[in-house]
Amino acid sequence: MRRRHPRSRTSCTLPHVWLMTDERQGDALWDALAAMPRDGGVVFRHYRLPPAERRALFDRVRRIARRRGLMLLLAGPPALARAWGADGAHGRFSRNGAGTMILSAPAHDAAELRRARHADLVFVSPVFSTRSHPGARGLGLAGFRTLRARATMPVIALGGMNARHARRLRISGAYGWAAIDGLTPR
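A few points on the structure. (Residues numbered from 1 in each chain as written. Predicted model: local features only at pLDDT ≥ 70, side-chain atom pairs only at ≥ 80, totals over all residues. Heavy atoms only, no water.)

1. Let's talk about the overall build of the chain
Consideration 1: Assigned secondary structure in the chain consists of six helices and eight strands.
Consideration 2: Helices and strands in the chain line up, N terminus first, as β-α-β-α-β-α-β-β-α-β-α-β-α-β.
Consideration 3: Compactness check: the chain gives a C-alpha radius of gyration of 15 Å against a globular reference of 16 Å for 186 residues, within 12% of the reference.
Consideration 4: In terms of its C-alpha atoms, the chain occupies a principal-axis envelope of roughly 40 × 40 × 30 Å. (Helix = DSSP H or I, 4+ residues; strand = E, 2+ residues; numbered from the N terminus. Rg over C-alpha atoms; globule rule 2.2 N^0.38 Å.)

What follows is the structure, given as structure tokens:
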């Protein structure tokens, strides 16, 4: 596959639209996966599930992702992502032992963005107010632009995102956007 972003360490195409999974999606997760664009990505989280249940759900999501052509990252260490058959790992990890695996990282401020310099893409959040971070003040367009300008990798906008907000952020240099609620049909 060809590169879409010159700074990507991978030789694959990085998605522009990402679904973040979460326990609160419940059975709506399946509708969200079905509605994802074919070149989209999924970050599988479901942190609160017991390990065996989390693995079983991941395997089900992985089968759907493969069938639909979605990139799938596991929120967890690269070794676990590799063992589970994910395309990459999401979290605050170094590239040590990750090989060519795709790594993404979260960033909420400039310090976290600097620590994420190893990542192939970074999820900057919260851009707008969101149910995932109740009471947290969003970065807003100006805050997002400031962090985006400091990034050395593709930046995915996260937090209160939907298609309308994504269109507004496109002019701010966002590589793409991610959501839970904004991509989960209700």
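So, next bit.
2. Some thoughts on the pairing of strand β7 (residues 155-158)
Consideration 1: Residues Val155 and Ala157 line one face of β7 and the alternating positions Ile156 and Leu158 line the opposite face, and both faces are buried.
Consideration 2: Pairing geometry for strand β6 (residues 121-124) and β7, over three bridges, is parallel. Residue pairing in the sheet places phenylalanine 123 in a bridge with isoleucine 156 of β7. (Buried < 20%, exposed > 50% of the residue type's maximum accessible area, 1.4 Å probe, protein only. Pairing = 2+ DSSP bridges.)

3. A word on the packing of helix α1 (residues 28-35) against helix α2 (residues 51-68)
Consideration 1: Running from amino to carboxyl end, α1 crosses α2 at an angle of 20°, the nearest separation of the two axes being 10 Å. Classified by the interaxial angle, the pair formed by α1 and α2 is roughly parallel. For the crossing formed where α1 meets α2, the hand is right-handed. Residues Leu29, Trp30, Leu33 and Ala34 of α1 lie in contact with α2, whose contacting residues are Leu57, Arg60, Val61, Ile64 and Arg68.
Consideration 2: Among the residues making up the contact of α1 with α2, the classes are represented as seven nonpolar, no polar and two charged. (Axes fitted to C-alpha atoms, helices over the stretch in contact; angles between N-to-C directions. Parallel < 35°, antiparallel > 145°, perpendicular 65-115°, else oblique. Left-handed = near helix turned anticlockwise from the far one by under 90°. Contact = heavy atoms within 4.5 Å. Nonpolar A, V, L, I, M, F, W, Y, C, P; charged D, E, K, R; others polar.)

4. Overview of the pairing of strand β8 (residues 176-179)
One face of the sheet, then the other: side chains in a regular strand alternate in exactly this way.
Consideration 1: Residue alternation in β8 divides its side chains into two sets, Gly176 and Ala178 and Trp177 and Ala179, and both sets are buried.
Consideration 2: Across three bridges, the pairing between strand β1 (residues 17-20) and β8 is parallel. Residue pairing in the sheet places valine 17 in a bridge with tryptophan 177 of β8.
Consideration 3: Relative to β8, β7 runs parallel, the two being bridged by three bridges. When the sheet's bridge partners are listed, leucine 158 is paired in β8 with alanine 178.
Consideration 4: Read from β7 through helix α6 (residues 163-170) to β8, the crossover connection turns out right-handed. (Right-handed = clockwise from strand over helix to strand, strands pointing away.)

5. Quick word on the pattern of salt bridges
Consideration 1: Applying the stated criterion across every chain, the model contains eight salt bridges.
Consideration 2: Linking aspartate 59 and arginine 55 is a salt bridge whose minimum nitrogen-to-oxygen distance equals 3.0 Å. With aspartate 59 and arginine 55 both in helix α2 and four residues apart, the pair spans about one turn of that helix.
Consideration 3: Assessed through its relative accessible area of 29%, arginine 55 is described here as partly exposed.
Consideration 4: With a shortest N-O distance of 3.3 Å, aspartate 87 and arginine 66 are connected by a salt bridge. Here aspartate 87 is found in the loop between α3 (78-84) and β4 (88-90), whereas its partner arginine 66 is found in helix α2, with 21 residues between them in sequence.
Consideration 5: Taking relative accessible area as the criterion, aspartate 87 reaches 29% and is therefore assigned partly exposed.
Consideration 6: Note on arginine 66: relative accessible area 38%, which makes it partly exposed.
Consideration 7: By sharing partners, the salt bridges in this structure join Arg55, Asp59 and Arg62 into a single network. (Salt bridge = Lys/Arg side-chain N within 4 Å of Asp/Glu carboxyl O.)

Take it as geometry only, folks, not as evidence of what the structure does.
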